[in-house]
Every structure is written in C-alpha cells, then in structure tokens.
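# Breakdown of the fold
Spelled out from the first residue to the last, the chains are:
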Amino acid sequence: PTAMLVRGSILHFLADPGEACNTAAWEYFADGALLIEDGLVRRCGPWAEVLENLPEVIRDAARYRDYTGKLIVPGFVDTHTHYAQMKVMGSFGRELLDWLENYTYPAEIAFEDETLASSTASFFLDRLLAHGTTTASVFATVHAHSVDAFFFEAERRKLRMLCGKVLMDRHCPQALRDSPESAWRESSALINRWHGKGRLAYSVSPRFAPTSSPEQLAVAGDLFRSRPDMHLQSHLSENWRELEWVGELFPGRRDYLDVYEHYGLLGRGAIYGHGIHLSPDEKQRLAQSAAAIAFCPSSNLFLGSGFFHYAATAEASVQVGLASDVGAGTSLSMLRTMAAAHTVSQAQHQPLSPWRAWYLATLGGAQALALDQFVGNFTAGKEADFVVLDGRRIPELRFRLDCAESLAEELFALMLLGDERCVAATHILGERVFCAE
Ligand code: GUN
Ligand code: FE
C-alpha cells in the first residue's frame, strides 16, 4: 500500500456545530497529522500521537508532506453550480427570468458544440481545484454530450462529482428543448454509462418546474427512483416572479414544493438551489423528506432574489449546503461564498458563526449531497481530498491573522477576507493536483 503523511494545522467537523457552537462537533490539531493509505484517510490526530502509534514499516515507506503553519481542511463541497455558465458570470443587470433569457440560455445553446463542452469542462474542473473545491453538484446542459464531456474530465482527475443532463421541454428556446421521451432515453443511457463509475454519480436534473411539462417531471421522478443511490438537483423558490409563474402553471398544487413532491422528486439525495421564499410548512415537509437546500448567497444577491433564511431553515431541520451557483454566482470560491453567507445572515441580524460556515463548506455540503459516507471530513476510511490554506498569502489577511487571538477569530478572518489566493495546494485521494507557485 502507498502511505502518505501530511503535517499541518488540521480542522474538520464530525457534525453540525449548531447555533450553540457545540465543541464536540469539530476537531482541531494545531500540529496535526493526516495518515493516508491508498487514497483513504487512515488516521487524523496530533502529529506526535499519530507518529508514535505508526508501525515502523509504514513510517519508513511513507511519503511526507510538511504544511506546518498552514491550515488543512477537507476539500470544499460546492452543492450547486452550472459549468456551462462560466461565461455568463458577471453579466450585467436583470433578475432571474430575464437573466435566463438574455444570457444563460444563449450560453447553453452554444454547448451544441461538443468541443466547447469538452474545453469548458476541463477549464471548469481545473478552476474548481484551484479554488480548493474537490466535490460539486453540477448542472450540464440539455445536450447529453455535455454530461459525457464533464464526466470524462472529472474521471481523468479522479474527482468525486455529481452531474446530470438538464431536462427542459417547454418555456425555453427550441434549441434547448428535449421531450419526456428523450429525457428518459438520454438520461438512462448516461446513467448506465457513468453512474457509479469510479467516484462519479448521476444527478437527475430537471431545470425547474416552469421549464418541464408535468409528463417530464413524472419521468424525472421515475429516473430518480430507478436506482437506490440516485441523486437529483433542481431549483426551488428563488424569485417572486418565478413563484407566481409556478402558481399559474400548476394551479392544482398547493405551493411550489408540492409540485416536486407530487412528482416524487423529494427524498435523500435530492437538493434544490435557493429555497428563499419557502413557507414554514414547506420547510417542514422538506425536512421530513430529507431533501436538502443549496444556499447560494452570491447568486441570490447578484440576481436580487432575496435573503435566504439560513437560521430558520436550519432550525426547521432542513439539511443545508453552500453553493456558488455560478454563473449567477459571482465566484467559484467557497471562502467568498462563506463571506456572502455571513453577510446575508448578518443583514437579518442572525450572524453565521465561523464554525457553522466552515462546517457548511465541508461536511455540511457532503451531507446535503448524500456523499458523506465518502467525503466531508477526515474520519478513518474517508477519501483523502483536502485543501491547504495559507491566509498569509494575502497581505491584508496576514495583517489580521497576526493579531487574531483565537481559532474562531482566525477562521472568521479567513472566510471574510480570504479567497482563492489563500489556496496553497489541493489534494485528491492524497495526491497533490494543484499547487500555488
Ligand atoms: N432557475 C432555473 N434555471 C436557473 C439557473 O440556471 N440559474 C439560477 N440561478 N436559477 C435558475
Ligand atoms: Fe442554479
């Protein structure tokens, strides 16, 4: 077996620290060790202790990486993003429905070109790694080859990734329309080709209720139930006009969530972007179903969609993950996303603690995607995807860190002032795949 020893300050979560910042929810080792064997975490603990209990054969054979003075955390999990929308990031102006028509749909139509899909997938994944994100739930486009392109590039990089073909058969440009039949046929073929291959898993991806016919939503439900470990991603309750539209299109359903409920699109493994304007009753039903919400703060601010009520949603026991939602999101950086999540929470007088923010960006995201048996923290047997952060790479942040008096202060400064410039290295299954020069 190939063994590897990594040294540095290590932080990881065992559970949601909650409002009360439960100290049993995380482990921090100022001088820590991560022992990795065959790409999996074998031990995580204080350096001296791990070394002492290490069989000599392993110690002698192990490769060694010293990140002393840097912070090692599990690779960031981005629970909702669109790789075909890299090009529309920062497109000026409007709210959701106009933004879709004017920028997003044209960008997705361009993905008819297989070469563009391949080169964008490659670029997107390299950029994710440079931002310290190692797992993501990713929308492709309506074109089946856009999923092939993404999974091909993800598999080459040995990444744990979710992706799916967008399903949309109405209220969108002709060039982006499929049908209930082709949705079933193409998704099934993609599932057979990719689901469970290496670290990849398929996510059934109806865009959102307005762009799928009732027949297609029923197909999405059948696909979601076609395997016990299937995933699903969509959008829910993001924008007031969207809400009104859903009410008109589905007059028989009692609210937005009921549309997805009715077609069997809820349950563990399902995650919905946004969920800003949910009623208490919808939150309760979401929690009961074990479906999750992707909190997309930079996107929600950019499109003027509103403030996600994190405190109330978490309080209702809904599983929440953090997400960039690029291209409506304004950065791939989960550090910036944590800062935006804090800003939005603070604006509602319910500030997000650094503990909760760092949990959300790692284990919380893995739980929201139902991938926590594989990634999200450093318990024995998990896959050794991690990011090495060095806040001192940013001069202003170095200044702040020099006078931080506690770990909580350091973590808070890092998420408020930090971004991808802090990423010193990214490792996948123990191997270094990104290194800042
Ligand atoms: N709702 C439906 N499609 C989209 C999308 O591509 N981005 C966002 N932010 N919301 C959506
Ligand atoms: Fe989205």
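This structure is a prediction, so every number in the text was calculated from the model and none was measured.

A tally of helices and strands in the protein yields 16 helices and 16 strands. For 437 residues, the compact-globule estimate of 2.2 N^0.38 gives 22 Å, and the protein sits close to it at 21 Å. Oriented by its inertia axes, the alpha-carbon framework of the protein measures out at about 65 × 45 × 40 Å. Burial analysis of the protein (437 residues in total) assigns 54% to the buried set.

Moving on: the site of ligand 1. Surrounding ligand 1, one finds His82, Leu96, Leu100, Thr104, Arg207, Phe208, His235, Glu238, Ser299, Asp325 and Ala328. No other element matches the 3 residues that helix α3 (residues 96–109) contributes to the shell around ligand 1. Tallied by class, the residues present in the shell around ligand 1 amount to 4 nonpolar, 4 polar and 3 charged.

With that out of the way, let us pick up the UniProt feature "domain: Amidohydrolase-related" (unreviewed entry) in the protein. Under the UniProt annotation, "domain: Amidohydrolase-related" (unreviewed entry) lies at residues 72–433. Secondary structure content for residues 72–433 is 44% helix and 17% strand, and the end C-alpha separation is 15 Å.

This part covers the domain arrangement of the protein. Per the domain assignment, the segments making up the protein are domain 1 (3–75 + 377–435) and domain 2 (96–368). Distance from the C-alpha centre of domain 1 to the C-alpha centre of domain 2: 29 Å. Listed as interface residues are 30 residues of domain 1 and, on the opposing side, 27 residues of domain 2. Those elements that place two or more of their residues in the side of domain 1 that touches domain 2 are β1 (3–13), β4 (63–74), α16 (407–417), β15 (423–428) and β16 (431–435). Looking at the side of domain 1 that touches domain 2 residue by residue, the class counts come to 20 nonpolar, 5 polar and 5 charged.

Most of strand β9 (residues 200–206) sits out of view: 7 of its 7 residues are buried. Going residue by residue along β9, you find Leu200, Tyr202, Val204 and Pro206 tucked away on one face and Ala201, Ser203 and Ser205 tucked away on the opposite face as well. As defined by bridge partners, strand β7 (residues 160–164) adjoins β9 across 3 bridges and the pair is classed as parallel. By the bridge assignment for β9, Leu162 is matched with Ala201. As judged from the 2 bridges shared by strand β8 (residues 166–167) and β9, these two strands associate in the parallel manner.

End to end, helix α13 (residues 334–347) covers 20 Å across 14 residues, agreeing with the expected 20 Å (1.5 Å per residue, within 8%). α13 sits mainly inside the fold: 11 of its 14 residues count as buried. Looking only at α13, the buried set comprises Met334, Leu335, Arg336, Thr337, Met338, Ala339, Ala340, Ala341, His342, Val344 and Ser345. Residue His349 follows α13 closely and has a positive phi angle near 60°.

Rules and cut-offs
- Residues numbered from 1 in each chain as written.
- Chains lettered and ligands numbered in written order.
- Predicted model: local features only at pLDDT ≥ 70, side-chain atom pairs only at ≥ 80, totals over all residues.
- Helix = DSSP H or I, 4+ residues; strand = E, 2+ residues; numbered from the N terminus.
- Rg over C-alpha atoms; globule rule 2.2 N^0.38 Å.
- Buried ≥ 20, exposed ≤ 12 C-beta atoms within 10 Å, placed from the backbone.
- Near = placed C-beta within 6 Å.
- Nonpolar A, V, L, I, M, F, W, Y, C, P; charged D, E, K, R; others polar.
- UniProt positions renumbered as here; feature names shortened; annotations may be inferred.
- Domains from an automatic or database assignment.
- Contact = placed C-beta atoms within 7 Å.
- Pairing = 2+ DSSP bridges.
- Expected span 1.5 Å × (residues − 1).

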